[in-house]
Amino acid sequence: MICSISGKNGSRCGCALALAAGLVRPVQAMSLSEQGPAGASGPAEAFTVQLGGMTVSNGVTLRYETVAPQLAGNPFAEGYYPGELTVELSGQIVIEAGGILAIGTLSHGSDEEASPVIRGALRPDGMIVVRPGGKLILKDISADLSGRGFFIVQDPGGSVEIDDTALDENLLCWAPPMVDNSFHPFKDLWLEAGTPLTAEVLPDDLQTYLQYQGQSQWTTVPVAWDLSKYAGQTDGELKLSGQFLSDSGDPLPALRPPELPSAGMSRSVSWSRIQSGWAAQPLRQSLNS
């Protein structure tokens, strides 16, 4: 569902939350328990990770992913569990811009990796909140949830990826569609020195991923370029920004804007003294590749 949640001050802004100061607590210590003997011949180990209220900040990636039980005894990087995994949430998790939280199986569609279970109590303001620029990845998980409220609250511009997972839509507070261009940066544009920059040189749309309600689709998204700061230069370099648009012309937030938390994209336009005959059409193609 796409919903609005009121903050304590009564403000409403889609799924954006007006959380009172102090609601998001500092990162608490994570505890991990193991049950069952190790070894491929015995039953799979059972791991339990307990997470208190925390903020996943810029540059932080937290992973809780299962791998095949027969790999037990091998060295693993932190966040990988060879067996069954239960993640217990005792407080709200807020994923800020640049932060990533991933819970699930390591592989897609593996019969050997156990599906992790997320357990906890629902909250009116969301057990997991994804801020603009933050990313939540859930892959082949199940949820054991109690109480009333929301499991996930997605702010406009936040990224939520859900694969091989069935969740009650009434527990999810979705944001409008957003552009996930995190792994597909656009190429810079080069012009021959002395050539003016015009709208005809720029593409009307660009290919990228469009994310909506946990799913991503590779598609063509319209774009509006901002030429307001272009003063007619024909050499040097110019930072060119733009805005992704919906089919109806409304702005779309993007996961990788030029400067968080603003939305849009940014490319560099450079003039170079290269051989003549560099036409506009190849430039359009290179930008869109």
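Criteria and thresholds
- Residues numbered from 1 in each chain as written.
- Predicted model: local features only at pLDDT ≥ 70, side-chain atom pairs only at ≥ 80, totals over all residues.
- Heavy atoms only, no water.
- Helix = DSSP H or I, 4+ residues; strand = E, 2+ residues; numbered from the N terminus.
- Contact = heavy atoms within 4.5 Å.
- Pairing = 2+ DSSP bridges.
- pLDDT = per-residue confidence, 0-100.
- Buried < 20%, exposed > 50% of the residue type's maximum accessible area, 1.4 Å probe, protein only.
- Core = buried A, V, L, I, M, F, W, Y, C linked by side-chain atoms within 4.5 Å.
- Phe/Tyr/Trp six-rings, centres within 6.5 Å; stacked < 30°, edge-to-face > 60°.

## A short note on the overall build of the chain
Helices and strands together make up the secondary structure of the chain, namely 1 helix and 20 strands. Look at the contacts in the chain between residues 6 or more apart in sequence, and 68% of them connect residues 24 or more apart.

## Structural notes on unusual backbone geometry
The phi angle at D164 is positive, at roughly 50°, despite the residue not being glycine. The backbone of Q213 sits at a positive phi, close to 55°, despite the residue not being glycine. Relative to the helices and strands, Q213 resides in the loop between β17 (205–212) and β18 (215–226).

## What to know about the sheet that holds strand β6 (residues 93–95)
In space, the 5 strands of this open sheet follow the order β3-β6-β9-β12-β14, with parallel pairing throughout. Here the strands that pair on one side only, and so sit at the sheet edges, are β3 (54–56) and β14 (172–173). With 3 bridges connecting them, β6 and strand β9 (residues 128–130) associate as parallel partners. Looking at β9, one finds that I95 is bridged to V130.

## Some details on the confidence of the model for the chain
Of the residues in the chain, 73% have a pLDDT of 70 or more, and the chain-wide mean is 78. A low-confidence stretch, residues 34–41 stays under pLDDT 50, and its non-local contacts, those more than four residues away or across chains, total 12 contacts. Scored below 50 in pLDDT, residues 274–289 shows 27 contacts in the model against residues more than four places distant or in partner chains.

## Observations concerning the environment of T220
Residue position: T220 is located in strand β18. Overall, T220 belongs to the partly exposed group, its relative accessible area being 39%. Considering only alpha carbons, one finds T220 and Q207, 13 residues apart in sequence, at a separation of 4.4 Å. Not counting chain neighbours up to four residues away, the residues in contact with T220 comprise D205, L206 and Q207.

## Some points on the nonpolar core
Among soluble globular proteins, nonpolar side chains are generally buried collectively. In terms of nonpolar packing, the biggest core is built from 30 residues, with Y64, L136, L138 and F151 touching the most fellow members. Where this core is concerned, the elements lending two or more residues are β2 (45–51), β3, β5 (80–89), β6, β7 (100–105), β9, β10 (135–139) and β13 (159–163). A total of 4 residues in this core trace back to one element, the largest contributor, which is β5. By size, the runner-up hydrophobic cluster in this structure holds 12 residues, among which are L202, V223, Y230 and L238.

## Digging into the packing of aromatic side chains
Inspection of the entire model under this criterion finds 2 aromatic pairs. Aromatic side chains Y209 and W218 sit 5.0 Å apart centroid to centroid with 70° between the ring planes, which places their arrangement in the edge-to-face category. Overall, Y209 belongs to the partly exposed group, its relative accessible area being 31%. The class for W218 is partly exposed, based on a relative accessible area of 39%.

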